[in-house]
Amino acid sequence: MDIPRIFNVSESAHRIHDPFTPEKLATLGAALRLEPETRVLDLGSGSGELLCTWARDHGIRGTGVDLSQLFTEQARRRAAELGVADRVEFVHGDAAGYVASEKAGVAACVGATWIGGGVAGTIALLARSLRAGGILLVGEPYWLKLPPSEEVAQGCHAASISDFLLLRDLLASFGKLRWDVVEMVLADPDSWDRYEAARWLTMRRWLEANPDDDFAKEVRAELTAAPERYATFTREYLGWGVFALMAR
Ligand code: SAH
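It is worth spelling out the overall build of the protein at this point. When helices and strands are counted, the protein shows nine helices and seven strands. Scaling as 2.2 N^0.38, a compact globule of 248 residues should have a C-alpha radius of gyration of about 18 Å, and the protein matches this with 18 Å. Judged by the C-alpha coordinates and their principal axes, the protein covers about 50 × 45 × 30 Å. Long-range pairs, those at least 24 residues apart, make up 74% of the contacts in the protein between residues at least 6 apart in sequence.

As structure tokens, then:
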């Protein structure tokens, strides 16, 4: 049980598997005015940077669930490194349908809303683990400007234009689901570059270390195509942000 291998290879050196820098992640943690001992649930927790740094900086307690064995191991190592292994736990597994046994003050899904079958389904899933008055966090792409064709949307790794909304429509969609948007932190082109361009050096190093691996052809093709594709499509058309929501 694991995610497609290309992510475990190309993002093996990422601490944050989304277009946020450490500074933006810290800005979000501060913006939420977290009280010590708040329970935070994170579905698709990746390498655990959100929970580990917020445990260090704000004294929260957290549980992360992630399907990548590698990322989950990295998250546990990071917790030990930051001295918060007694405050956060990382579960390796499928987060689809995951409901916490103890309700959380913050329930998050950052960059993995397919876990609940899309934004609305993920909000419904997270809400089942949230205590009354708690905050949901949803990390999701939006269109900076509408792609002129389906081909452009696919260049951004979307299946179609309808996969994402413009920012104003995404914000309005939360209201239609009866959630107030109470905070947000958005990626910008520089922070997108940290996520995307860091993959290129990781892939190049992996290729040098694994020239005879069966997977090398696929990694080589991705490394060759990725920079130009990114500059043409994602960097021009795709925004990304984390939205904090409270039930109306
Ligand atoms: N929230 C993290 C990771 C985002 S990347 C961060 O922002 O850094 C998407 C993550 O979802 C990856 O870590 C991937 O392993 C995980 N994932 C994909 N499908 C999943 C599933 N069904 N259940 C749990 N995690 C999943």
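This part is about the pattern of salt bridges. Scanning the model with the defined rule gives 16 salt bridges in all. The residue Asp-188 makes a salt bridge to Lys-24 at a minimum N-O spacing of 3.3 Å. One end of the pair, Asp-188, is in the loop between strand S6 (179-186) and helix H8 (189-209); the other, Lys-24, is in helix H2 (residues 22-31), and 164 residues separate them in sequence. With a relative accessible area of 17%, Lys-24 lands in the buried category. Ionic pairing is found between Arg-199 and Glu-196, a salt bridge with its closest N-O pair at 3.1 Å.

Close to the ligand lie 19 residues, the nearest being His-17, Asp-18, Gly-44, Asp-66 and Ala-95. At 2.7 Å, a backbone N or O of Gly-44 approaches a nitrogen atom of the ligand. In isolation the ligand offers 570 Å² of accessible surface; the protein chains occlude 90% of this area. Of the residues belonging to the shell around the ligand, the class tally is nine nonpolar, seven polar and three charged.

The interhelical angle for the contact between H2 and helix H3 (residues 49-58), taken along N-to-C directions, is 55°, at an axis separation of 10 Å. Looking at the two axes, H2 sits oblique to H3. The two elements H2 and H3 cross, and the hand of that crossing is right-handed. Two secondary-structure elements touch here, H2 through Leu-25, Leu-28, Gly-29 and Ala-30 and H3 through Glu-49, Leu-50, Thr-53, Trp-54 and His-58. Its residues placed into classes, the contact of H2 with H3 shows five nonpolar, three polar and one charged.

Let us look at the environment of Gly-48. Looking at the element boundaries, Gly-48 is found in the loop between strand S1 (39-43) and H3. Other than its neighbours up to four places away in sequence, Gly-48 contacts Ala-75 and Phe-90.

This next bit is on the nonpolar core. Counting residues in hydrophobic clusters, the biggest one holds 41 residues, and the most contacted among them are Phe-20, Leu-28, Leu-32, Trp-54, Val-88, Leu-137 and Trp-143. Considering every element that reaches this core, the biggest residue donor is H3, with five residues. Setting aside residues no more than four positions away along its own chain, Leu-28 makes contact with Phe-20, Trp-54, Leu-137, Val-185 and Val-242. Core analysis: the second largest hydrophobic core is formed by 23 residues, Ala-100, Val-119, Leu-125 and Leu-170 among them.

Moving on to unusual backbone geometry. Phi is positive for Glu-37, which is not a glycine, with a value near 75°. Inspection of the secondary structure puts Glu-37 in the loop between H2 and S1. Its relative accessible area of 44% is what places Glu-37 among the partly exposed residues. Although it is not a glycine, His-157 sits at a positive phi angle of roughly 70°. Here His-157 lies in the loop between helix H6 (150-155) and helix H7 (167-176).

Definitions and cut-offs
- The numbering scheme is per chain: residues are counted from 1 as the chain's sequence reads.
- pLDDT decides what is reported in this predicted model: residues at 70 or higher carry local features, side-chain atom pairs at 80 or more are listed and counted, and totals for whole chains, interfaces and linings draw on all residues regardless.
- With hydrogens and water stripped out, all remaining heavy atoms of the structure feed into the side-chain values.
- Put simply, DSSP marks the helices as runs of H or I at least four residues long and the strands as runs of E at least two long, and each gets a number from the N terminus on.
- We compute the radius of gyration over the C-alpha atoms and compare it with the globule rule, which gives 2.2 Å times the number of residues raised to the power 0.38.
- Any two residues having at least one pair of non-hydrogen atoms within 4.5 Å are treated as being in contact.
- A carboxyl oxygen of Asp or Glu within 4 Å of a side-chain nitrogen of Lys or Arg is what we treat as a salt bridge.
- Exposure categories follow from relative accessible area, calculated using a 1.4 Å probe and restricted to protein chains: below 20% of the type maximum is buried, above 50% is exposed, and the middle band is partly exposed.
- Here a residue is considered near a molecule or strand provided that any single heavy atom belonging to it is located within 4 Å of it.
- For this analysis, a polar contact is any N or O atom pair within 3.5 Å, provided that within protein one partner can donate a hydrogen and the other can accept it, and provided that sequence-adjacent residues contribute only side-chain to side-chain pairs.
- Each accessible area is a Shrake-Rupley estimate made with a 1.4 Å probe; only the visible protein chains count as cover when residues are assessed.
- Polar here means any residue outside two lists: the nonpolar Ala, Val, Leu, Ile, Met, Phe, Trp, Tyr, Cys and Pro, and the charged Asp, Glu, Lys and Arg; Gly therefore counts as polar.
- A fitted line through C-alpha atoms serves as each axis, taken over the contacting stretch for helices, and the angle formed by two N-to-C directions is quoted from 0 to 180°.
- Working rule for angles: under 35 degrees goes down as roughly parallel, over 145 as roughly antiparallel, 65 to 115 as roughly perpendicular, anything else as oblique.
- If you view the pair so one helix is near and one far, a crossing is left-handed when the near helix is turned anticlockwise from the far one by less than a right angle, and right-handed when it is turned clockwise.
- Each nonpolar core is a collection of buried residues, namely Ala, Val, Leu, Ile, Met, Phe, Trp, Tyr and Cys, held together in the definition by side-chain atoms within 4.5 Å.

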